[in-house]
Amino acid sequence: MRAFCLCYRGITISSQSCSLEEAQGVFNALLARSMVAAKAMVAAYIHYGCLSDALQLLIRMQNEGRSIESTNFIQLLDMCRSQGASALPEARKVHSLIKSSGLTRNTVVGNSLISTYGKCQSLADAQQVFDEILDKDVVTWNAMIAVYIENDYWNEGVKTFYQMQQVAIFPNEVTFICLLDLNSNRTELLYTPWFQIVLWHSGFCSETALATALVNAYSKGGSLASACNIFDIMQDPNVISWTTMISSYSSFSQDIEALQIFKQMLQQGGLPDTVTFMTILNVGASLGSILEGKILHVYVKLCHVEVECSIANGLINMYGKCGFVDVALDIFNRVSSCSLETWNIMIGIHAQHGGAAEAHYLLWCLRQAGLVPDKITLVNYLSACSHAGYVEAALDYVLSSCTDTCDIHQGAMPTLQHYDCIVDVLGRAGQLDRIQCVISTLPFQLSGLSWMTVLSVCRDLLTEGQAEFIAKHVLELDPLLLGFS
DNA sequence: TTAGGGTTAG
């Protein structure tokens, strides 16, 4: 990330030595804000990820008749891209600024815009920018192919691939990587003879990035053997290739093999990064073996990887799954900045080990920390209640989620899955009447699975008529659950 | 300065 630097009365403030507030203070104190100061302030906003502030300042600069460099636009588009679909309004504002600056037909800026609109899931906007670029290069075409493939418009992606060749733009390694970003159900391309021939004869397959993308595509497409074949002939696997292979084995539930690949990577001098550790810690959690778990923890320490939130989450989850709740809690308590994910993992661990009181306390702490529970918090908490028979607590929580207007539950309105938990809680407590009451007030139709839950948890309490009534519902909604097809 | 390969709770 580019550093920023503001100079005021001989004092130099840079991103390494001051906070955003200090930089803002200096900037606001300047009587005549030079172009250099304004650019430094924009850089500061970008450095701290303040997209809307950076955008506002650029709009002001443009209104004052100052020219804005294309690099500023590209930096802002980068930020929009990383925020995904929620940043579409900001992306459009940046686009509007680009138009006012007369850079609409600039190939480099346009390429970045296409990609940004793709990440924001607005294909129409991406297509419009693509159409307006007069001098389309291979990056322009690759960006458009990626937009289609990422958004699951597979046919349009392949059609664009053909069109680029018709206008004599030749595909490069990135073109094939974009095409390989397949949905796991869309493996036709992988096994199409022409695609295989083009790949192997283009010479691109010797490129590590493309070979890695192939390993991933084969694995996601269901062929671990093909993924292994490609990996085995790779000349120079890098950290991403190793991690892809570990993840491939893990996705086929071959955790021992995944662990062996990790060891092989270390033996060959490969240096794991944060993503590798996140992947291998999940493998450790699946294995549920504390011995392997502790060894992995030692590797984390030996590799001096900063125990940031994502690694801590992996460690907490792994120790929890291995049954070492105290160790998980100890790591949880030492994480300096917990994300909601961290809280959810810890609440989930308590739920798995019958710690309903602990889950209840953590939920309280989570709110005290100013966080808003989401649907996963809700499921984990209800699961904890279910295991411990906390009927009233579970019902209170779900009912208050429905009626609460003070935003504390914002974003976590109960879904069918949560009602499944409630049915489970009441069923385990033998409270059939209350199940019927909950079902009658549901804002949506109960799924076959939910009815099946009722049937299984209340098996001993149901009259013959009630059981028949429920079975009829299951048969209508999901006959497979009853073994019919 | 632009496109692109690996991870993410239940």
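What counts and what doesn't
- Residues numbered from 1 in each chain as written.
- Chains lettered and ligands numbered in written order.
- Predicted model: local features only at pLDDT ≥ 70, side-chain atom pairs only at ≥ 80, totals over all residues.
- Heavy atoms only, no water.
- Helix = DSSP H or I, 4+ residues; strand = E, 2+ residues; numbered from the N terminus.
- Buried < 20%, exposed > 50% of the residue type's maximum accessible area, 1.4 Å probe, protein only.
- Contact = heavy atoms within 4.5 Å.
- Areas by Shrake-Rupley, 256 points an atom, 1.4 Å probe, with all protein chains shown as cover.
- Salt bridge = Lys/Arg side-chain N within 4 Å of Asp/Glu carboxyl O.
- UniProt positions renumbered as here; feature names shortened; annotations may be inferred.
- Expected span 1.5 Å × (residues − 1).
- Phe/Tyr/Trp six-rings, centres within 6.5 Å; stacked < 30°, edge-to-face > 60°.
- Lys NZ or Arg CZ within 6 Å of the ring centre and 35° of its normal.
- Core = buried A, V, L, I, M, F, W, Y, C linked by side-chain atoms within 4.5 Å.
- Near = heavy atom within 4 Å.
- Polar contact = N/O pair within 3.5 Å; in protein donor to acceptor, adjacent residues only side chain to side chain.
- Nonpolar A, V, L, I, M, F, W, Y, C, P; charged D, E, K, R; others polar.

- An unreviewed UniProt entry lists chain A under the name Pentatricopeptide repeat-containing protein, with Ceratopteris richardii given as the organism.

### A closer look at the overall build of chain A
Part 1: Along chain A, the regular secondary structure elements total 27 helices and two strands.
Part 2: Counting the 485 residues in chain A, one finds 46% classified as buried.
Part 3: Taking contacts inside chain A between residues at least 6 apart in sequence as the whole, the part at least 24 apart equals 59%.
Part 4: Accessible area of chain A: about 24,200 Å², with a carbon and sulfur share of 54%.

### Some thoughts on the pattern of salt bridges
Part 1: Here the structure, examined in full by the defined rule, presents five salt bridges.
Part 2: A salt bridge links Glu64 to Arg66; its shortest N-O distance comes to 3.0 Å.
Part 3: On the basis of relative accessibility, which here comes to 25%, the residue Arg66 falls in the partly exposed class.

### What about the UniProt feature "repeat: PPR" (unreviewed entry) in chain A?
Part 1: Those residues carrying the UniProt feature "repeat: PPR" (unreviewed entry) are residues 137-171, 238-272 and 339-373 in this numbering.
Part 2: Taken as a whole, residues 238-272 contains 74% helix and 0% strand, while its terminal C-alpha atoms sit 10 Å from one another.

### Focus: unusual backbone geometry
Part 1: Although it is not a glycine, Gln121 sits at a positive phi angle of roughly 65°.
Part 2: By the element assignment, Gln121 lies in the loop between helix 6 (107-119) and helix 7 (123-132).
Part 3: The phi angle at Ala168 is positive, at roughly 65°, despite the residue not being glycine.
Part 4: Mapped onto the fold, Ala168 is located in the loop between helix 9 (154-166) and helix 10 (173-180).

### Quick word on helix 12 (residues 208-220)
Part 1: Here helix 12 is 13 residues long and its end C-alpha atoms lie 18 Å apart, about the 18 Å a rise of 1.5 Å per residue gives.
Part 2: Counted residue by residue, helix 12 has 10 buried out of 13 residues, so it is predominantly covered.
Part 3: Following helix 12 by one or two positions, Gly222 adopts a phi angle in the positive range, close to 100°.

### Focus on the packing of aromatic side chains
Part 1: What the rule picks out here adds up to eight aromatic pairs.
Part 2: For the ring pair Phe332 and Trp343, a centre distance of 5.1 Å and an interplane angle of 85° mean the geometry is edge-to-face. Taken together, the residues span a long stretch of sequence, with Phe332 in helix 19 (residues 325-334) and Trp343 in helix 20 (residues 340-352) at a distance of 11 residues. Side by side, Phe332 and Trp343 carry an identical accessibility label, which is buried.
Part 3: A ring pair is formed by Tyr361 and Trp364, whose centres lie 6.2 Å apart and whose planes are at 20°; its orientation type is stacked. Of this pair, Tyr361 and Trp364 both sit in helix 21 (residues 356-368), separated by three residues, roughly a single helical turn.
Part 4: Three or more aromatic residues joined by ring pairs make a cluster, and in this case those are Phe161, Tyr162 and Phe176.
Part 5: The ring of Phe130 has Lys136 lying over it, and the distance from NZ or CZ to the ring centre is 5.0 Å.

### A short note on the nonpolar core
Part 1: Ranked by internal contacts, the top residues of the largest apolar core, which has 139 residues, are Leu76, Ile114, Leu179 and Ile316.
Part 2: Top contributing element to this core by residue count: helix 8 (residues 138-150), with eight residues.
Part 3: In contact with Leu76, other than residues within four places in its own chain, are Ile46, Leu51, Ala54, Leu55, Leu58 and Val94.

### Observations concerning the environment of Pro171
Part 1: Residue position: Pro171 is located in the loop between helix 9 and helix 10.
Part 2: Residue classification places Pro171 among the buried residues on the basis of a relative accessible area of 17%.

### Concerning the protein's contact with DNA strand B
Part 1: The environment of DNA strand B is made up of 43 residues, and the closest members are Arg81, Asn111, Asn142, Met278 and Glu341.
Part 2: Among all atoms of DNA strand B positioned within 4 Å of the protein, those belonging to sugar or phosphate total 41%.
Part 3: The side chain of Asn111 places a nitrogen or oxygen atom 2.4 Å from a base oxygen of DNA strand B.
Part 4: In the model, a base nitrogen of DNA strand B is placed 3.2 Å from a nitrogen or oxygen of the Thr276 side chain.
Part 5: Residue contributions to the surface near DNA strand B peak at six residues, all from helix 14 (residues 239-251).
Part 6: Residue composition of the surface near DNA strand B, by class: 14 nonpolar, 21 polar and eight charged.

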